[in-house]
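Residue-level listing of the chains:
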Amino acid sequence: GYWNTTGLARAVTVRGLLDEMQRQGCTVLSHGATGRGNDQIRFERYTNVLSPGFKVYAPWRDPALLKEFPGRKQMADYLMSKGIEASVGAKKRYSTDANLAGLSHEAEDLEFLTTSSRIVEPMMTCWPEDAPDSVEKVSITFSEGFAHIINGKELSPLEMMREANKIGGRNGLGMSNAMENRVIGTKSRGVYEAPGMDLLGYALSQVYQTVLDKRSSDLFAQLSRFVSGQIYDGRYFDPSTRAALTAIDMLASRASGKVDISLYKGTAFIDSITDVPHSLYVEEFASMEADEGEQEGLDPSSAQGFVEVQRCEAIALAKAGHIQARRKIGTDGED
């Protein structure tokens with residue numbers, strides 16, 4: 001997987017554009033997304049839900065325009081005839097879409113699965129071999145799911161994102177290769193950069209693991225996956241998305257704490273998790289060592305009954321023939 005920075009950026013872009021366009025009396029939003037990708041869906045759906053009366057024009061789906069300008073060369077020639085300097089230039093090996101949270105590299109040479117992802121020249125991060133040969137220590141403090149202090153400095157969300165990008169980027173975090181399932185039904189291959197998201201996301205995940213019980217963790221994962229899919233499909237403002245985000249906010253209300261991390265050539269290692277007021281981790285309860293003195297912890301002997309209850313189901317499954325200890329693989333039936 002990868003951080004869905006492009007999908008989220010489209011919601012932000014359209015909302016900002018429509019406000020300004022309406023102030024200036026515009027009635028049509030035109031976008032340059034092709035008829036083959038996700039962005040055409042995102043731009044138009046967000047326009048429709050935020051300003052139903054607004055019209056949308058997609059030139060790269062207009063048969064008349066496509067007939068006149070079948071390629072970039074014809075478009076460049078037309079612009080030159082109007083006194084506008086334009087050059088197709090040398091063929092790029094891939095295209096790039098960028099925003100504060102990350103970069104998406106795709107198309108052209110990257111469309112071939114025989115092309116290495118390493119043709120990409122990182123812009124926000126770096127390949128591991130180019131990262132420093134020494135470990136960098138980072139400390140991040142979260143409050144209700146939001147990072148607000150990094151290395152002792154309290155920052156605004158914008159400043160935090162920029163600082164996380166710098167730190168994660170110089171240490172080679174956030175580079176990934178993924179195959180997408182596009183909204184229109186086709187698959188797409190891309191190479192993605194999101195060093196700040198990788199750094200903050202990894203650190204925050206450690207806090208969530210510390211404060212959420214099993215069922216809350218499962219629910220959080222389900223909600224996160226749902227919201228991710230909604231954003232990918234251009235449905236960030238839908239009622240179901242907003243409801244899921246409200247539920248996530250409730251779970252995040254206990255996600256406060258400090259995480260210390262070591263970064264080294266694209267990998268993050270946890271050094272410590274401290275100052276977590278709602279932590280469910282109790283060292284005495286988790287210890288494999290003998291209890292010292294009286295406490296309200298786990299009495300190992302009490303586990304006997306729990307194990308015996310589990311035994312009943314296990315025996316019933318076995319006697320009913322539901323258990324298959326070996327799985328057949330291959331055409332010859334061998335495992």
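Residues numbered from 1 in each chain as written. Predicted model: local features only at pLDDT ≥ 70, side-chain atom pairs only at ≥ 80, totals over all residues. Heavy atoms only, no water.

(A) Structural view of the overall build of the chain. Along the chain, the regular secondary structure elements total 10 helices and 11 strands. Expected size for 335 residues packed as a compact globule is a radius of gyration near 20 Å; at 26 Å, the chain overshoots this value by more than 25%. Here the C-alpha coordinates of the chain stretch approximately 90 × 60 × 50 Å along the principal axes. The long-range share in the chain, meaning contacts at least 24 apart out of those at least 6 apart in sequence, stands at 63%. Accessible surface for the chain amounts to roughly 21000 Å². Of this, 54% is attributable to carbon and sulfur atoms. Of the charged side chains in the chain, 37 are positive and 46 negative; the average position of the first set lies 10 Å away from that of the second. (Helix = DSSP H or I, 4+ residues; strand = E, 2+ residues; numbered from the N terminus. Rg over C-alpha atoms; globule rule 2.2 N^0.38 Å. Contact = heavy atoms within 4.5 Å. Areas by Shrake-Rupley, 256 points an atom, 1.4 Å probe, with all protein chains shown as cover. Lys, Arg positive; Asp, Glu negative; His and termini not counted. Charge placed at Lys NZ, Arg CZ, Asp CG, Glu CD.)

(B) Looking closely at the sheet that holds strand S7 (residues 153-154). Strand order across the open sheet formed by 5 strands is S7-S6-S5-S10-S11, with antiparallel pairing between neighbours. Across the chains shown, the open sheet's two edge strands, defined by having one partner strand only, are S7 and strand S11 (267-274). Sheet topology places strand S5 (residues 136-143) next to strand S6 (residues 146-150); 4 bridges connect them, and they run antiparallel. Bridge pairing in S6 links Ile140 to Ile150. (Pairing = 2+ DSSP bridges.)

(C) Geometry of the sheet that holds strand S3 (residues 95-98). With respect to topology, 4 strands assemble into an open sheet ordered S3-S4-S9-S8, the strand pairing being antiparallel. Of all the strands in the sheet, the pair left with one neighbour each is S3 and strand S8 (175-181). Taking the axes of each pair of neighbouring strands and ignoring which way they run, one obtains an average angle of 30° across the sheet. Strand direction decides the pairing type here: strand S4 (residues 103-106) and strand S9 (residues 187-193), joined by 4 bridges, are antiparallel. Note that in S9 the partner of Ser104 across the bridge is Tyr192. (Axes fitted to C-alpha atoms, helices over the stretch in contact; angles between N-to-C directions.)

(D) Up close: the packing of aromatic side chains. Tallying each qualifying case throughout the model produces 5 aromatic pairs. Ring geometry for Phe69 against Tyr78: centres 5.2 Å apart, planes inclined by 70°, an arrangement best described as edge-to-face. Residue Tyr78 is classed as partly exposed on the basis of its relative accessible area, which comes to 35%. Aromatic pair Tyr208 and Phe220: ring centres 4.3 Å apart, planes at 35°, arrangement tilted. Taken as a pair, Tyr208 in helix H6 (residues 195-211) and Phe220 in helix H7 (residues 214-232) lie far apart in primary sequence, 12 residues in all. With respect to class, Tyr208 is no different from Phe220; both count as buried. Members of the aromatic cluster, connected to one another through ring pairs, are Tyr46, Tyr236 and Phe237. Its guanidinium or amino end placed over the ring of Tyr232, Arg42 lies 4.9 Å from that ring's centre, counting from NZ or CZ. In this structure, Lys265 is placed above the aromatic ring of Tyr264, and the distance from its NZ or CZ to the ring centre is 5.9 Å. (Phe/Tyr/Trp six-rings, centres within 6.5 Å; stacked < 30°, edge-to-face > 60°. Buried < 20%, exposed > 50% of the residue type's maximum accessible area, 1.4 Å probe, protein only. Lys NZ or Arg CZ within 6 Å of the ring centre and 35° of its normal.)

(E) Structural context of the layout of surface pockets. The calculated volume of the second largest pocket comes to roughly 1100 Å³. In terms of lining, the second largest pocket is formed by 34 residues, of which the most central are Ala33, Thr34, Ser95, Glu106 and Ala107. Of all elements in the fold, only helix H1 (5-23), helix H2 (39-50), helix H4 (72-81), S3, S4 and S9 reach the threshold of two or more residues within the lining of the second largest pocket. The dominant element in the lining of the second largest pocket, judged by the number of residues it contributes, is H2, at 4 residues. When the residues that make up the lining of the second largest pocket are grouped by side-chain class, the tally is 10 nonpolar, 13 polar and 11 charged. (1 Å grid on protein atoms, 1.4 Å probe; cavity = no way out; pocket = protein on both sides within 12 Å on 5 of 7 lines; lining within 4 Å. Points joined across faces, edges and corners; volume = space filled by probe spheres on them. Nonpolar A, V, L, I, M, F, W, Y, C, P; charged D, E, K, R; others polar.)

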